[in-house]
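Structural overview for review
Chain residues, written in single-letter form:
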Amino acid sequence: MKLWGGRFDEGPSETFERFSGSLHFDRRLLHADIRGSQAFARALEGVGILTAAERGQLEAAFDEIAADAAHPGFFDAATDEDVHTLVIRKLKEKVGALSEKIHTGRSRNEQVSLDVRLWLRGEIDRALELLGGLMQALLDCARRDPNAVVPGFTHLRRAQPVLWAHYLLAYFEMFARDVERLQQARARVNVLPLGSGALAGSGFPFDREAIARDLGFDAVTANSMDVSGDRDFALDFLYAASTTMLHLSRFAEDWILYSSEEFGWLELGDGVTSGSSLMPQKKNPDSLELIRGKCGRVFGDLSSLFMTVKGLPMTYNRDLQEDKEPLFDAADQLNGSLEMAREVIATAKLNPARPAAAAEESWVVATDLAEALARNGTPFHQAHKLAGKLVLESLRTGRKPADWTAEELVKFAPEFTPAMAALMWPAEGMKSREIRGGTGPQAVARALEEAQARLSKLS
Ligand code: ARG
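As the structure is a computational prediction, the values presented were derived from the model and not from experiment. (Residues numbered from 1 in each chain as written. Predicted model: local features only at pLDDT ≥ 70, side-chain atom pairs only at ≥ 80, totals over all residues. Heavy atoms only, no water.)

Scanning the protein chain from terminus to terminus reveals 18 helices and six strands. Radius of gyration (C-alpha) of the protein chain: 30 Å, far over the 23 Å computed for a compact globule of 459 residues. Dimensions along the principal axes, computed over C-alpha positions, put the protein chain at roughly 100 × 50 × 40 Å. Classification of the 459 residues of the protein chain by burial places 49% in the buried group. If you take every contact in the protein chain between residues at least 6 apart in sequence, the share linking residues at least 24 apart comes to 76%. Carbon and sulfur atoms form 53% of the exposed surface of the protein chain, whose accessible area is close to 22,100 Å². (Helix = DSSP H or I, 4+ residues; strand = E, 2+ residues; numbered from the N terminus. Rg over C-alpha atoms; globule rule 2.2 N^0.38 Å. Buried < 20%, exposed > 50% of the residue type's maximum accessible area, 1.4 Å probe, protein only. Contact = heavy atoms within 4.5 Å. Areas by Shrake-Rupley, 256 points an atom, 1.4 Å probe, with all protein chains shown as cover.)

Looking at the ligand, the residues that line it are S22, D82, R108, N109, V112, Y316, Q321 and K324. In the environment of the ligand, a nitrogen atom lies 3.1 Å from a nitrogen or oxygen atom belonging to the side chain of D82. Residue K324 places a side-chain N or O atom 2.6 Å away from an oxygen atom belonging to the ligand. In the complex, 86% of the free accessible area of the ligand, which totals 340 Å², lies under the protein chains. With three residues, helix 6 (residues 108-144) is the largest single contributor of residues to the shell around the ligand. (Near = heavy atom within 4 Å. Polar contact = N/O pair within 3.5 Å; in protein donor to acceptor, adjacent residues only side chain to side chain.)

Counted under the stated rule, the structure contains 19 aromatic pairs. Here a set of aromatic residues connected by ring pairs shows up, and it is made of F153, W164, Y167, Y171, F175, F251, W255, Y258, F263 and W265. A cation over an aromatic ring shows up here: R27 above the ring of F75, its NZ or CZ 4.1 Å from the ring centre. Directly above the ring of F233 sits R117, whose terminal nitrogen or CZ lies 4.0 Å from the centroid. (Phe/Tyr/Trp six-rings, centres within 6.5 Å; stacked < 30°, edge-to-face > 60°. Lys NZ or Arg CZ within 6 Å of the ring centre and 35° of its normal.)

A few words now on a nonpolar patch on the surface. On the surface, a cluster of nonpolar side chains totalling about 340 Å² of accessible area is made up of M1, L3, W4 and F8. When you line up the elements, M1 lands in the segment before helix 1 (14-20). Given a relative accessible area of 37%, M1 falls into the partly exposed group. (Patch = residues over 30% accessible without salt bridge, like charges linked within 9 Å, V, L, I, M, F, W, Y side chains within 5 Å. Salt bridge = Lys/Arg side-chain N within 4 Å of Asp/Glu carboxyl O.)

Before going further, it helps to spend a moment on the packing of helix 6 against helix 18 (residues 441-458). At a closest axis distance of 11 Å, the pairing of helix 6 and helix 18 adopts a crossing angle of 155°. Classed by the angle they form, the pair helix 6 and helix 18 counts as roughly antiparallel. Between helix 6 and helix 18 the crossing geometry is left-handed. In this structure, helix 6 uses G132, M135, Q136, L139, A142 and R143 to contact helix 18, whose residues at the interface are L448, A451, Q452, L455 and L458. Considering only residue class, the contact of helix 6 with helix 18 consists of seven nonpolar, three polar and one charged. (Axes fitted to C-alpha atoms, helices over the stretch in contact; angles between N-to-C directions. Parallel < 35°, antiparallel > 145°, perpendicular 65-115°, else oblique. Left-handed = near helix turned anticlockwise from the far one by under 90°. Nonpolar A, V, L, I, M, F, W, Y, C, P; charged D, E, K, R; others polar.)

Counting 111 residues, the largest nonpolar core has L30, I102, W164, F237, W255 and L288 as its most contacted members. Sorting elements by how many residues they give to this core places helix 6 first, with 17 residues. When sequence neighbours within four positions are dropped, the list of residues in contact with L288 reads F251, A252, W255, I256, L268 and V344. Core analysis: the second largest hydrophobic core is formed by 23 residues, W363, V364, V365 and A387 among them. (Core = buried A, V, L, I, M, F, W, Y, C linked by side-chain atoms within 4.5 Å.)

Tallied over the entire structure, the rule returns 36 salt bridges. Residues K101 and E54 are paired through a salt bridge, measuring 3.7 Å at the closest nitrogen-oxygen approach. Taken as a pair, K101 in the loop between helix 5 (83-95) and helix 6 and E54 in helix 4 (residues 52-68) lie far apart in primary sequence, 47 residues in all. Measuring nitrogen to oxygen at the nearest pair gives 3.0 Å for the salt bridge that ties K283 to D270. In this pair, K283 sits in the loop between strand 5 (266-267) and helix 11 (286-310) while D270 sits in the loop between strand 5 and helix 11, placing the two residues 13 residues apart along the sequence. Given the relative accessible area of 63%, D270 is considered exposed.

Here the focus is unusual backbone geometry. Note that the residue after M314, namely T315, is joined by a cis bond; omega there is 0°. Structurally, T315 can be placed in the loop between helix 11 and helix 12 (324-347). The backbone of H155 sits at a positive phi, close to 55°, despite the residue not being glycine. Relative to the assigned elements, H155 resides in the loop between strand 1 (149-154) and strand 2 (157-163).

Sheet analysis places strand 1 next to strand 2, joined by six bridges and oriented antiparallel. Paired with V150 across the two strands is V162, which belongs to strand 2. As consecutive antiparallel partners, strand 1 and strand 2 are separated by two residues, and within that stretch H155 has a phi angle of approximately 55°, a positive value. (Pairing = 2+ DSSP bridges.)

A rise of 1.5 Å per residue sets the reference length of helix 3 (residues 30-46), with its 17 residues, at 24 Å; its end C-alpha atoms lie 24 Å apart and thus fit the reference within 8%. For helix 3, the buried fraction is high: twelve of the 17 residues fall into the buried class. Residues L30, A32, D33, I34, G36, S37, Q38, A39, F40, A41, A43 and L44 constitute the buried set of helix 3. Of the surrounding secondary structure, the elements contacted by the buried residues of helix 3 are helix 2 (23-26), helix 4, helix 5, helix 6 and helix 8 (208-215). In the stretch just after helix 3, G48 is the one whose phi turns positive, near 80°. (Expected span 1.5 Å × (residues − 1).)

What follows deals with the environment of A353. Within the secondary structure, A353 is located in helix 13 (residues 353-361). In the structure, A353 is positioned 34 residues away from D319 in sequence and 57 Å away in space, judged by C-alpha atoms.

Let us now look at helix 11. A turn of α-helix holds 3.6 residues, and therefore any two residues three or four places apart point the same way. With 25 residues, helix 11 extends 36 Å from end C-alpha to end C-alpha; this agrees with the ideal 36 Å at 1.5 Å per step. Those residues of helix 11 that fall on the buried side of the exposure criterion are S287, L288, I291, C295, V298, D301, L302, L305 and T308. In this fold, the buried residues of helix 11 make contact with helix 10 (232-258) and helix 12.

If you want it as structure tokens, here you go:
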């Protein structure tokens, strides 16, 4: 069946049908298509095209199609051009001639926008739920080792000591921004395009606000030409998804490193790691590597849609059919990665002794020393130089910070005080960083509580 054909002598060639058909991927929109069509049937009753009885008959038939779709083989042998055509064919099989009224004053151009919006709204809600679970897992992980100290890095070189919880809260903030971005994308998605017709506006006086309420949309679109060619709402989602994947990927990279033999900070759960077919000892972080890998794929989805849309003349062009595969893929990869990351975090165990040792054997405390000197009146550049000399001397003589006694420290330079020897322990200097947003233990405890309160408000 075709939804067009009157002006053609011949039907489409087999090659063209195979080339242009989208059912093998847009079948995913079936339930959104049915939901939208049921609301449209109610709108058609509102403008007198359908009687209440006809509308009821159509709604029931749509329900049946939705139920039929659960059966295996529903899509077998279907050669329809797209999911919209398939649904109408199934409708015709059920209600005969009455089905011919369902497309009154409606175009597939707006229908496809409607279906994608309805489907995408559900995917965003799922992503938001998964993000909430992931953020909770981060907070739980922080609470399991509230006092653990790790070296924080810049340039992947040991820089300053921080609390493990502070490190985890950094990712909490990134994901909190991702929640905001997804909510903003959702607001752009949740606008009703129906009533736009093919490009010029429908020729029937539908109550668009009523349809919007019916389908749970917050607003109606303002320009029919815009609707036909607009995929900004999908791009907004793809950007939000890309940024979330970016954060997941950086997190994955961290944890791949931290769980390696070289670091030894983390033990990943057996359930999220794989062995090697050749090397019996291996425990590989495949779940995290795949998250990192899928991130690139989602960036590709975003650029793919940008490329598709960039040269299109107003309004609808069939190129736009190419929007769906990247969009579907991005939603799948995003939600799959969020679910996976949560499980990795929930099943990982920190071995706090290893990062603590890494902090203690290095000179991550050098900044604390320099700042203590500055607090005591030594100009900071001087203090920096003194602490640097102390590091150099220690490296030459093979001393760790804690090897220095108070007497030796004061002997090294009179600017040092005996009390400053305590700063040779990484956890000590941290206490001077109680500034909001810093790694001071009280600041972090407060930040953890605030994060939990913010998260509870989200759900
Ligand atoms: N399958 C098409 C798409 O996904 C539906 C719209 C077809 N419209 C058209 N004028 N050919 O974009």
